[in-house]
Number of protein chains: 2
Amino acid sequence: MENQKTSITAKQDRQEIFIVREFDATPDLVFQAHTQPELLVQWMGLENHSMEIPIFENKNLGAWRFIHSDENGNNYRFCGVIHETEFAKRIIRTFEFEGLPERGHVSLEFLNFEALQDGRTRLTTQIIFKSIEDRNGMVESGMEYGVIDSYNKLDKLLSKNN
Amino acid sequence: MENQKTSITAKQDRQEIFIVREFDATPDLVFQAHTQPELLVQWMGLENHSMEIPIFENKNLGAWRFIHSDENGNNYRFCGVIHETEFAKRIIRTFEFEGLPERGHVSLEFLNFEALQDGRTRLTTQIIFKSIEDRNGMVESGMEYGVIDSYNKLDKLLSKNN
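Read on for an overview of the structure. (Residues numbered from 1 in each chain as written. Chains lettered and ligands numbered in written order. Predicted model: local features only at pLDDT ≥ 70, side-chain atom pairs only at ≥ 80, totals over all residues. Heavy atoms only, no water.)

### Some details on the overall build of chain A
In terms of helices and strands, chain A carries four helices and eight strands. Mapped in sequence order, the helices and strands of chain A form the string β-β-α-α-β-β-β-β-β-β-α-α. Its C-alpha radius of gyration of 15 Å places chain A within 12% of the 15 Å reference for a compact globule of 162 residues. With respect to the three principal axes, the spread of C-alpha positions in chain A is 45 × 35 × 30 Å. Within the span of chain A, comprising 162 residues, buried residues form 49% of the whole. Here chain A displays about 7,900 Å² of accessible surface, and carbon together with sulfur accounts for 47% of that area. The centroid of the 18 positive side-chain charges in chain A is displaced by 2 Å from the centroid of its 26 negative side-chain charges. (Helix = DSSP H or I, 4+ residues; strand = E, 2+ residues; numbered from the N terminus. Rg over C-alpha atoms; globule rule 2.2 N^0.38 Å. Buried < 20%, exposed > 50% of the residue type's maximum accessible area, 1.4 Å probe, protein only. Areas by Shrake-Rupley, 256 points an atom, 1.4 Å probe, with all protein chains shown as cover. Lys, Arg positive; Asp, Glu negative; His and termini not counted. Charge placed at Lys NZ, Arg CZ, Asp CG, Glu CD.)

Set out below in structure tokens:
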């Protein structure tokens, strides 16, 4: 379906990315899938990866850490802090891939959950980066596949829970 | 002194600001002045404002809140989370002015403490914003005066402790 597709926009000379995706589920459900570890592990990450969540403080000024593992046992660690979380509306949090050659390439994510007609949701994620190079590095890392794979898995999870 | 001046750069069409300032004190001291509440309240903010620090968790994934008060008793509240803090090197934290008409205009700050010759320090602060409009709003709010005032007070504090 056209309106199920994921749109990823990274304008030249800007240090940000916008990702827009609609889901056939209410903002309550889509938000819960983003903030309940037992749901997150079922959809976030590539198709053949597994996921662990050692820390997830779902509150303002809380911390989080995700570990994705591939079939060969390689680990990919990510961490950040939650500046603000508002049920079914918004999450603002920092994000860092801990596997980079140097630390400090931190980005800030704004997730907005918008109610559409017929119980559907538009999720808009804006990510702002320390530099255009960091932004381009993220785009070139293949994040697009990760996002599309993840959201397709999330569709399936939401259709089970609806 | 030429090298004591504060340089503030906000390029057109970018959603960031760079602030560069040198201090006649070591990175250890300049960092401590940024991370010890009893020192922070002595220099941060405008000349005729007072400051309270209800929360300051000086650690990775910690939280902070500052309240500045003017002579008329008006309060200006700011809050955020600390993504990373590394002694005498770096602080990465979110920042929000809680007095805006709507919440969510959060920025991300990168403070780098660089050792110079003769026990001096160059502090480079990069702030990235949700939008160019948010960046311009910050510049037009008079933040320049606040930064220059604060750093002049910090000079005095550091010269006492040296």
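### Regarding the interface of chain B and chain A
Residue-level contacts link 28 residues of chain B with 28 residues of chain A. Roughly 2,300 Å² of surface becomes buried between chain B and chain A when both sides are summed, with 61% attributable to carbon and sulfur atoms. A per-residue breakdown of the area chain B buries against chain A is headed by B:Gln15, B:Leu61 and B:His83, which together make up 26% of the total. Every element with two or more residues in the side of chain B that touches chain A is listed here: β5 (75-86), β6 (90-97), β7 (107-115) and β8 (121-128) of chain B. Tallying contributions element by element places β5(B) first for the side of chain B that touches chain A, with six residues. Per-class residue counts for the side of chain B that touches chain A are 13 nonpolar, seven polar and eight charged. (Contact = heavy atoms within 4.5 Å. Buried area = accessible area lost by both parts, 1.4 Å probe. Nonpolar A, V, L, I, M, F, W, Y, C, P; charged D, E, K, R; others polar.)

### Thoughts on the pairing of strand β8 (residues 121-128) of chain A
Residues and elements named next belong to chain A. Most of β8 is tucked away: six of the eight residues are buried. For strand β2 (residues 16-23) and β8, the ladder comprises eight bridges, and the chain directions are antiparallel. From the neighbouring strand, Val20 faces β8, where its bridge partner is Thr124. Pairing between strand β7 (residues 107-115) and β8: eight bridges, direction antiparallel. Of the residues in β8, the one forming a bridge with Asn112 is Thr124. Hairpin connection, β7 to β8: the antiparallel pair is bridged by five residues, and Asp118 has positive phi, about 60 degrees. (Pairing = 2+ DSSP bridges.)

### Let's talk about the sheet that holds β7(A)
Residue and element names in this part refer to chain A. Pairing is antiparallel in the open sheet, where eight strands are placed in the order β1-β2-β8-β7-β6-β5-β4-β3. Pairing within the sheet leaves two strands with one partner each, and these edge strands are β1 (7-9) and β3 (50-56). Each adjacent strand pair in this sheet contributes to an overall mean axis angle of 20 degrees, direction not counted. Relative to β7, strand β6 (residues 90-97) runs antiparallel, the two being bridged by six bridges. Each bridged residue has a counterpart across the sheet, and for Arg90 the counterpart in β7 is Asn112. Where helix α1 (residues 27-35) meets the sheet, it contacts β2, β3, β5 (75-86), β6, β7 and β8, and its direction lies at approximately 155 degrees from that of β7. (Axes fitted to C-alpha atoms, helices over the stretch in contact; angles between N-to-C directions.)

### Regarding the sheet that holds β5(B)
Residues and elements named next belong to chain B. Taken together, eight strands build an open sheet; the order of strands is β1-β2-β8-β7-β6-β5-β4-β3 and the sheet is antiparallel. For this open sheet the edge positions go to β1 (7-9) and β3 (50-56), each flanked by a neighbour on one side alone. The sheet shows a mean angle of 20 degrees between the axes of neighbouring strands, direction not considered. Packed onto the sheet, helix α1 (residues 27-35) meets β2 (16-23), β3, β5, β6, β7 and β8 and runs at close to 155 degrees relative to β7.

### Observations regarding the relation of the copies chain B and chain A
Between chain B and chain A, the superposition needs a rotation of 180 degrees and an axial shift of 0.0 Å, giving an RMSD of 0.0 Å. Those values place the two copies in the arrangement expected of a two-fold rotation axis. Interface residue correspondence from chain B to chain A reaches 100%, placing this contact among same-surface, isologous pairings. (Least-squares fit on C-alpha atoms with pLDDT ≥ 70 in both.)

### Regarding the pattern of salt bridges
In this structure the tally under the stated criterion is 20 salt bridges over all chains. Taking the shortest distance from any N to any O, the salt bridge between A:Asp24 and A:Arg120 comes out at 2.4 Å. Linking A:Asp24 in the loop between β2 and α1 with A:Arg120 in the loop between β7 and β8, this pair joins segments that are 96 residues apart in sequence. Given a relative accessible area of 38%, A:Asp24 falls into the partly exposed group. Given the relative accessible area of 12%, A:Arg120 is considered buried. Of the charged contacts, one joins B:Asp155 and B:Arg21 as a salt bridge, the two residues approaching to 2.8 Å between their closest N and O atoms. You can see B:Asp155 sitting in helix α4 (residues 143-161) and its partner B:Arg21 sitting in strand β2, a full 134 residues away along the chain. One continuous salt-bridge network, built from bridges that share partners, spans A:Glu22, A:Asp24, A:Glu114, A:Arg120 and A:Arg122. (Salt bridge = Lys/Arg side-chain N within 4 Å of Asp/Glu carboxyl O.)

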